[in-house]
Amino acid sequence: MKKGLEIRLYPSKEQKVLIDRTLGCSRFVYNHILALKKELWEDYKLNFNPNLKSFKEEWKFLTKVPSQALANSYMDCMTAYSNFFNSLKGKSKAKQSFPKFHKKGQKDSFRIACTYSKKGVGDIRIEDKEHIKVPKLGSVKFKNYKDTDWSQIHIYNITIKKTPTNKYFASICCELSEKEYIEPKFYSCGFDLGLKDFCIFDSGQVIENPKYFRTSQIKLAKEQRKLSHCTEGSSNYKKQKLRVALVHEKIKNQRKDFQHKLSRQIVNENQVIVSEDLNVKGMLKNHKLAKSIQDASFSTFCNMIDYKSKEMNRIYIKISTFYPSSKLCHCCGFKYKGLKLDERFWTCPQCGTYLDRDENAAINILNEGLKILKCRNTVGSTGSDKSLKSVDTGYISNLEQKSVIASGLTTCHAGKINCL
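A. Molecular detail of the overall build of the protein. Check the secondary structure of the protein and you find nine helices and 16 strands. Once the C-alpha set of the protein is aligned to its principal axes, its extents read approximately 80 × 60 × 50 Å. For the protein, contacts bridging at least 24 residues in sequence account for 66% of all contacts bridging at least 6. For the protein, the accessible area works out to roughly 24700 Å², and carbon and sulfur atoms hold 51% of it.

Okay, structure coming up:
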């Protein structure tokens, strides 16, 4: 199983100089190639691929940094350029914009591939629990993953990056052994994501939205106001810019820590996890809610559950964006078409049940996900059911196919009985 492990680097002064120089050279190669290809295409309609070797002959400073970093920067530019034209021709389903020039201080990173000798020793390797060997850089001190047995891990490449707060990190792409299957505490759970409350489960449990950006907004505005009064390029400007970056970094780390802990708890405790496939891009068009939606970061949270479910051999299902989970009564199935956004509670006119909007939506999401799972297991390998829309984007492991749904009744983590 391929996975990226992120570690914090603590390079020496000489190593920092070399890393910064490599970042600058990689950015120079990317921008120069993009500018050259753009000019030749606009003026002469030529799709010319420049030679990286000629760059090193013309600019000697490129020879003083790791060659693989420049080669990967070259390939990244060529790939981004070809992806743009493939999307225009319709060869690619995803829409790709024209590649942008890299700017200093934004996504500063370079990648080095690991090469192995005949004896199986890689030039990128963990020497001990606190030092990693990197070509040209030598032995660099790091933290994180002290309990990991690095001798059993195959490393493919390493990506070194520098944050706006002048911190250095490395992402190691490696091959990990699959984790042992852990018996879940509950069979299934469904949850609904919201802005007032971040996550509402079908059991009625509510996870409050921490709103990290909102709570730090006053402090951020104060630091940004000070930055606007500084002369651009001065030493005070650079110091104040670092303070602004530190506020942004703290917000990011708080949100990341909260979502990692919550997603890990959900995946560890449940075998089947069901959520709604939100159209976040469309939701952001509502300018009254856009800031709160970005602060919640729903897509990142769902992605965390997705890859953690694959690691733990869980089943993660996303139901359709247009499924009316809030408007359906989970008791009788009545659809309340006139439900407004500000109505948090409503009474079903057919069965008289008093419903909490979000909890009702979570129960409906779970029931719909279990129906999709049952249909999928019923159809099996005999053929595809055309009446079943392929709205789920989850993962099914073959080791947990021992009658995933053995009967029409399934107990969820709330102890409720869902009729399929």
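B. Up close: the packing of helix H1 (residues 13-44) against helix H3 (residues 67-89). It is at 9 Å that the axes of H1 and H3 come closest, and there the two elements cross at 35°. As for how H1 packs across H3, the hand of that crossing is right-handed. Mapping the contact onto sequence places Thr22, Cys25, Ser26, Val29, Tyr30, Ile33, Leu34, Lys37 and Trp41 in H1 and Ala69, Leu70, Ser73, Tyr74, Asp76, Cys77, Met78, Ala80, Tyr81 and Phe85 in H3. Within the contact of H1 with H3, the residues separate by chemical class into 14 nonpolar, three polar and two charged.

C. Region of interest: a nonpolar patch on the surface. A grouping of Tyr44, Leu46 and Phe48 is seen on the molecular surface, where their side chains present a nonpolar patch of about 350 Å² in accessible area. Relative to the assigned elements, phenylalanine 48 resides in the loop between H1 and helix H2 (52-58). Judged by its relative accessible area of 45%, phenylalanine 48 falls in the partly exposed class.

D. A look at the packing of aromatic side chains. Under the definition given, this model contains 17 aromatic pairs. Judged by centre distance (5.0 Å) and plane angle (55°), the rings of tyrosine 81 and phenylalanine 85 are tilted. Taken together, the residues span about one helical turn, with tyrosine 81 and phenylalanine 85 both in helix H3 at a distance of four residues. We note that tyrosine 81, like phenylalanine 85, is buried.

E. Here's a closer look at the side chain of serine 275. On the secondary structure map, serine 275 appears in strand S11 (residues 270-276). By relative accessible area, which is 1% here, serine 275 ends up buried. Of note is the side chain of serine 275, whose polar atom sits 2.7 Å from the side chain of tyrosine 316. Sequence-distant contacts of serine 275, that is, excluding residues within four places in its chain, are made with Phe191, Tyr316, Ile317, Lys318, Ile319 and Ile365.

F. How the structure looks around the packing of helix H4 (residues 212-228) against helix H5 (residues 235-269). In the contact formed by H4 and H5, the axes pass within 9 Å of each other and the chain directions differ by 170°. In this view, H4 runs roughly antiparallel relative to H5, as classed from their interaxial angle. Contacts from Tyr212, Phe213, Ser216, Lys219, Leu220, Glu223, Gln224, Lys226 and Leu227 of H4 reach H5 at Tyr237, Gln240, Lys241, Arg243, Val244, Val247, His248, Ile251, Gln254, Arg255 and Phe258. Partitioning the contact of H4 with H5 into residue classes produces nine nonpolar, five polar and six charged.

G. The sheet that holds strand S8 (residues 186-193), seen in detail. Spatial ordering of the open sheet is given by S10-S9-S8-S11-S12, a layout of five strands whose pairing is mixed. Two strands in the sheet have a free side with no partner beyond their single neighbour: strand S10 (206-208) and strand S12 (315-319). Strand-to-strand twist of the sheet, defined as the mean angle between neighbouring strand axes without regard to direction, takes the value 20°. Note: S8 against S11, four bridges, orientation parallel. By the bridge assignment, serine 188 is partnered in S11 with valine 272. Across the sheet, H5 touches S8, strand S9 (197-201), S10 and S11, and the angle it forms with S11 is around 125°.

H. Examining the pattern of salt bridges more closely. For the coordinates displayed, the defined rule picks out eleven salt bridges. A salt bridge links lysine 256 to glutamate 6; the nearest nitrogen and oxygen atoms lie 3.8 Å apart. With lysine 256 in helix H5 and glutamate 6 in strand S1 (residues 2-10), this pair connects stretches of sequence that are 250 residues apart. Since its relative accessible area comes to 28%, glutamate 6 is described here as partly exposed. For arginine 264, the salt bridge is made with glutamate 311, and the minimal N-O distance between the two is 3.7 Å. Linking arginine 264 in helix H5 with glutamate 311 in helix H8 (residues 298-311), this pair joins segments that are 47 residues apart in sequence. What makes glutamate 311 buried here is its relative accessible area of 6%.

Scoring rules and cut-offs
- Residues numbered from 1 in each chain as written.
- Predicted model: local features only at pLDDT ≥ 70, side-chain atom pairs only at ≥ 80, totals over all residues.
- Heavy atoms only, no water.
- Helix = DSSP H or I, 4+ residues; strand = E, 2+ residues; numbered from the N terminus.
- Contact = heavy atoms within 4.5 Å.
- Areas by Shrake-Rupley, 256 points an atom, 1.4 Å probe, with all protein chains shown as cover.
- Axes fitted to C-alpha atoms, helices over the stretch in contact; angles between N-to-C directions.
- Left-handed = near helix turned anticlockwise from the far one by under 90°.
- Nonpolar A, V, L, I, M, F, W, Y, C, P; charged D, E, K, R; others polar.
- Patch = residues over 30% accessible without salt bridge, like charges linked within 9 Å, V, L, I, M, F, W, Y side chains within 5 Å.
- Salt bridge = Lys/Arg side-chain N within 4 Å of Asp/Glu carboxyl O.
- Buried < 20%, exposed > 50% of the residue type's maximum accessible area, 1.4 Å probe, protein only.
- Phe/Tyr/Trp six-rings, centres within 6.5 Å; stacked < 30°, edge-to-face > 60°.
- Polar contact = N/O pair within 3.5 Å; in protein donor to acceptor, adjacent residues only side chain to side chain.
- Parallel < 35°, antiparallel > 145°, perpendicular 65-115°, else oblique.
- Pairing = 2+ DSSP bridges.

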